[in-house]
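A closer look at the structure
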Amino acid sequence: MGTHPAWYYILSFLTAFVIVYALVPYVRRFALRTGFVDRPNQRKIHKEPVPLLGGLALYVGVVVTSALFGHAGNTFWGIAVGGFLIFAIGVVDDYYKTRGRDFKALPKFLTQILAAVVLLCFGVSIGGVSVPWGGTFYTFPEWLSWVATILWVVAITNMINFLDGVDGLAAGLSAISAMSLFFIALLKGQPAMAVFAVVLMGAALGFLRHNFHPARIFMGDAGATFLGYVLAAIAVGGAFKSATLVSLVVPVLALGVPILDTVWVVIRRVRENRPIYVADKGHTFHLLMKSGLTQVQTVAFLYLLGVCFSLASIVVLLISH
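Treat the numbers as computed from the prediction; the structure is a model and nothing was measured.

**Notes on the packing of helix H6 (residues 169-187) against helix H7 (residues 191-211)**
Look at H6 against H7: their axes get within 8 Å of each other, and the N-to-C directions meet at 160°. When the axes of H6 and H7 are compared, the pair comes out roughly antiparallel. Handedness of the H6/H7 crossing: left-handed. When H6 is examined against H7, the residues Ala-171, Gly-172, Ala-175, Ala-178, Met-179, Leu-181, Phe-182, Ala-185 and Leu-186 are found in contact with a partner set consisting of Met-193, Ala-194, Ala-197, Val-198, Leu-200, Met-201, Ala-204, Leu-205, Phe-207, Leu-208 and Asn-211.

Rendered as structure tokens:
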């Protein structure tokens, strides 16, 4: 399958953007009518109840547009089926939030592992790595391929979710990461992955239009974990395919801000002897706001950092080619 013409990518992007952008007001009205709203508490920044079903618009936008433009191969089905599991357990989690309760971490975690296994069943896996010296390709034994893929997918799924604490942050950073994965896929001659990345970028930006401060809707766990899952899947299907040792850095850099934020949070929680999965006010965006930045300034700073990481990932790929 050759590369697509530029208009094909533009049309994919616009379709995803328009579907999500047009769908959000309907989803918002439905969420308000059914009381599916995020209620403020001492940990949260917002002061009024906000509709919490934005993930529905994101899921529909990504899956419908990918079905239209992404040539329904294995990666598409992996994203559609595994993504539905992630979305569904996220909705359950969000429902608990609307009742002012916390959903247990274990069922979520097990469902995320199952969703990663779905990708593996559709042949989307980290297969190995080529060593720069001697040009030999080291194929992972099957168990290592499974472990590496599951760890990566579950980690990125949660990392994007961790960032969903300030209006517009998770959607904007997902769009920036998707943009890097789009260019990486183009450079590696992977048109299908390029389409998925550009679709995710369109969907995230279509949502951002309603989610930037002051947010009229939240994507909730359902939306944030779904975005993370799709980004992880695109990276496995694209950037990790026949990866050299050097270009293993590429997807990590493309997702630099969420990874950095998570590493910082985990180290801090371990140092303070607190469970890693219990939310608090210690994320990078909390610290930036404590230092006196507004929500919009905080988000703009982290976007800028995300763009720097993305450019670095593309530079590393160009050098290693």
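Still more to cover.
**Considering the nonpolar core**
Among the nonpolar cores identified, the biggest contains 95 residues, and Trp-152, Ile-156, Leu-169 and Leu-181 are the most heavily contacted of them. Tallying contributions element by element places H7 first for this core, with 13 residues.

**What about the side chain of Thr-65?**
Here Thr-65 lies in helix H2 (residues 54-69). With a relative accessible area of 0%, Thr-65 lands in the buried category. A distance of 2.6 Å separates a polar atom in the side chain of Thr-65 from the backbone oxygen of Gly-61. Excluding anything up to four places from it in sequence, Thr-65 contacts Ser-12, Thr-15, Ala-16, Ile-19, Val-60, Gly-70 and Val-199.

**Quick word on the packing of H2 against helix H3 (residues 74-98)**
For any two helices packed against each other, the geometry is given by the interaxial angle and the distance between the axes. Packing of H2 against H3 leaves a shortest axis separation of 10 Å and a crossing angle of 170°. Relative to H3, the element H2 lies roughly antiparallel. For the pair H2 and H3, contact is made by Gly-55, Leu-56, Tyr-59, Val-63, Ser-66 and Ala-67 and by Phe-76, Ala-80, Gly-83, Phe-84 and Phe-87, respectively. Looking at the contact of H2 with H3 residue by residue, the class counts come to eight nonpolar, three polar and no charged.

**A closer look at helix H12 (residues 295-320)**
The end-to-end C-alpha separation of H12 is 38 Å, in line with the 38 Å expected for 26 residues at 1.5 Å each. All buried positions along H12 are accounted for by Gln-295, Thr-298, Val-299, Leu-302, Tyr-303, Gly-306, Ser-310, Ser-313, Ile-314, Val-316 and Leu-317. Lining the buried residues of H12 we find H6, H7, helix H9 (249-254), helix H10 (256-271) and helix H11 (284-290).

**A few points about a nonpolar patch on the surface**
On the surface, a nonpolar cluster with roughly 310 Å² of combined accessible area is contributed by Leu-106, Phe-109 and Leu-110. Within the secondary structure, Phe-109 sits in helix H4 (residues 105-121). Relative accessible area serves as the criterion here: at 41%, Phe-109 is assigned to the partly exposed category.

Cut-offs used in this document
- Residues numbered from 1 in each chain as written.
- Predicted model: local features only at pLDDT ≥ 70, side-chain atom pairs only at ≥ 80, totals over all residues.
- Heavy atoms only, no water.
- Axes fitted to C-alpha atoms, helices over the stretch in contact; angles between N-to-C directions.
- Helix = DSSP H or I, 4+ residues; strand = E, 2+ residues; numbered from the N terminus.
- Parallel < 35°, antiparallel > 145°, perpendicular 65-115°, else oblique.
- Left-handed = near helix turned anticlockwise from the far one by under 90°.
- Contact = heavy atoms within 4.5 Å.
- Core = buried A, V, L, I, M, F, W, Y, C linked by side-chain atoms within 4.5 Å.
- Buried < 20%, exposed > 50% of the residue type's maximum accessible area, 1.4 Å probe, protein only.
- Polar contact = N/O pair within 3.5 Å; in protein donor to acceptor, adjacent residues only side chain to side chain.
- Nonpolar A, V, L, I, M, F, W, Y, C, P; charged D, E, K, R; others polar.
- Expected span 1.5 Å × (residues − 1).
- Patch = residues over 30% accessible without salt bridge, like charges linked within 9 Å, V, L, I, M, F, W, Y side chains within 5 Å.
- Areas by Shrake-Rupley, 256 points an atom, 1.4 Å probe, with all protein chains shown as cover.
- Salt bridge = Lys/Arg side-chain N within 4 Å of Asp/Glu carboxyl O.

Interpretation in functional terms is not warranted from these geometric data alone.
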